[in-house]
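Each chain, written out:
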Amino acid sequence: MTTALHAQQVWFAYPRHEPVLRAVSLTIPAGKHTVIMGPSGTGKTTLLRVLAGILKPSRGTITVFDEPLAGRSQRQLSSLIGYIPQQLGLVRNLSALDNVLMGALGRLGDAQTLLGIFPRAEIDAAHGALDMMGIDHKSDEQVFHLSGGERQRVAIARTLLQRPRLVIADEFASDLDLVLAYEILGRIRSAAEKNHITFIMSMHRIGLARKFGDEVLAMENGAIVQGFIGNEYLETKSAEASA
């Protein structure tokens, strides 16, 4: 099976602080949905930001589809990895459609797109991504008028327009009621299968994680400590044993 992402002995510390990540090693299969769980403060957000190339690890290596993550420009990363932060990163006074079109900037990047003038094909693709998320009927509405669930759909659609091979999402669906969360995660799975996208996502609801994740990993004190693939328990790993 093809490997989407491989991290080997990854450490990370913020300046003048103790390490947040401690000897994290993991392998993410291509085309699968991996969920990372753990208490607040255990390092989940930092790990996702490191895996997305936003933060540089203090030690260790990361490869994405067998290519080193280190040394890549933000434009190169944007065509490879889509990152959805917990706060979504949408521009509130722009329409849903305009927010989605921003996902194409890393691929296009010419003067016209920077002025908000996009090719017809990209506009059609943005509508298609919104439709896939079930929200194209609100494409002209400004984001600040949308509900939390609708904003999450817009954020996914924007990421789809990047055409990444890997999407990393932080605490996605954490603030949604269970019914809405199931619907949105179902749409994500359909979009991922259609576009051959691998997903890594942090969650705190075990029921959602079990239903959505092909693999569920648990973090504790900056290390991956246990996990499940389907119903199969994986042996505990410790940072100290790996150091």
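Our structure is the block above this text.
The notes below deal with the structure included here. Keep in mind that what you see is a predicted model, and the values were worked out from it rather than measured. (Residues numbered from 1 in each chain as written. Predicted model: local features only at pLDDT ≥ 70, side-chain atom pairs only at ≥ 80, totals over all residues. Heavy atoms only, no water.)

**A few points about the overall build of the protein chain**
For the protein chain, the count of helices and strands is 9 helices and 11 strands. The 243 residues of the protein chain split such that 47% are buried. The contacts in the protein chain between residues at least 6 apart in sequence include a share of 70% that link residues at least 24 apart. Accessible surface for the protein chain amounts to roughly 11800 Å². Of this, 52% is attributable to carbon and sulfur atoms. (Helix = DSSP H or I, 4+ residues; strand = E, 2+ residues; numbered from the N terminus. Buried < 20%, exposed > 50% of the residue type's maximum accessible area, 1.4 Å probe, protein only. Contact = heavy atoms within 4.5 Å. Areas by Shrake-Rupley, 256 points an atom, 1.4 Å probe, with all protein chains shown as cover.)

**A few points about the pattern of salt bridges**
Pairing between side chains of opposite charge can happen when the charged atoms of each approach one another. Counted according to the given criterion, the structure contains 8 salt bridges. Put simply, Glu122 and Arg163 hold a salt bridge, and the shortest N to O gap is 3.8 Å. Highlighted residues: Glu122 in helix H5 (residues 120-132) and Arg163 in the loop between helix H6 (148-162) and strand E7 (166-169), separated in sequence by 41 residues. Glu122 gets classed as buried once you look at its relative accessible area, which sits at 7%. The closest approach of N and O atoms between Glu183 and Arg187, which form a salt bridge, is 3.2 Å. Residue Glu183 and its partner Arg187 are both found in helix H7 (residues 178-195); the two are separated by 4 residues, about one turn of the helix. In this structure Arg187 comes out as partly exposed when scored by relative accessible area, which is 27%. When salt bridges that share partners are traced, they join Arg153, Glu183 and Arg187 into one network. (Salt bridge = Lys/Arg side-chain N within 4 Å of Asp/Glu carboxyl O.)

**Notes on the sheet that holds strand E2 (residues 21-29)**
Reading across the sheet, the 4 strands line up as E2-E1-E4-E5 and stay open at both edges, with antiparallel pairing between neighbours. Looking at which strands have only one partner, the edges of the open sheet turn out to be E2 and strand E5 (67-68). As judged from the 2 bridges shared by strand E4 (residues 59-64) and E5, these two strands associate in the antiparallel manner. In the sheet register, Thr63 faces E5, and the bridge partner there is Pro68. (Pairing = 2+ DSSP bridges.)

**Things to note about the side chain of Ser78**
Here Ser78 is to be found in helix H2 (residues 74-78). Beyond its immediate sequence surroundings of up to four residues, Ser78 is in contact with Gly106 and Gln162.

**Thoughts on H6**
In this model, H6 (15 residues) spans 22 Å end to end at C-alpha, consistent with the 21 Å of a helix rising 1.5 Å per residue. For H6, the tally of buried residues reaches 13 of 15 residues, placing the bulk of the element in the interior. Following H6 by one or two positions, Arg163 has its phi on the positive side, about 60 degrees. (Expected span 1.5 Å × (residues − 1).)

**Description of the nonpolar core**
In terms of nonpolar packing, the biggest core is built from 44 residues, with Ile84, Val154, Ile156, Phe172, Ile188, Met201 and Met203 touching the most fellow members. Of all the secondary-structure elements, those providing two or more residues to this core are strand E3 (33-37), helix H3 (96-101), H5, H6, E7, H7, strand E8 (198-202) and helix H8 (206-212). Excluding anything up to four places from it in sequence, Ile156 contacts Ile84, Met133, Phe172, Ile184 and Ile188. Ranked by size, the runner-up nonpolar core spans 30 residues in total, among them Ile28, Val50, Leu77 and Leu217. (Core = buried A, V, L, I, M, F, W, Y, C linked by side-chain atoms within 4.5 Å.)

**Observations regarding the environment of Tyr182**
With respect to the secondary-structure elements, Tyr182 resides in helix H7. Overall, the relative accessible area of 33% leaves Tyr182 in the partly exposed class. Expressed as a C-alpha distance, the spacing of Tyr182 and Lys211, which sit 29 residues apart in the sequence, is 8.8 Å. The residues touching Tyr182, leaving out its near neighbours within four places in the chain, are Gly207, Leu208 and Lys211.

**Quick look at the packing of aromatic side chains**
What the rule picks out here adds up to 1 aromatic pair. Note on Phe12 and Tyr14: the rings are 4.7 Å apart at their centroids and 85 degrees apart in plane angle, and the pair reads as edge-to-face. We classify Phe12 as buried; its relative accessible area is 7%. Assessed through its relative accessible area of 32%, Tyr14 is described here as partly exposed. (Phe/Tyr/Trp six-rings, centres within 6.5 Å; stacked < 30°, edge-to-face > 60°.)

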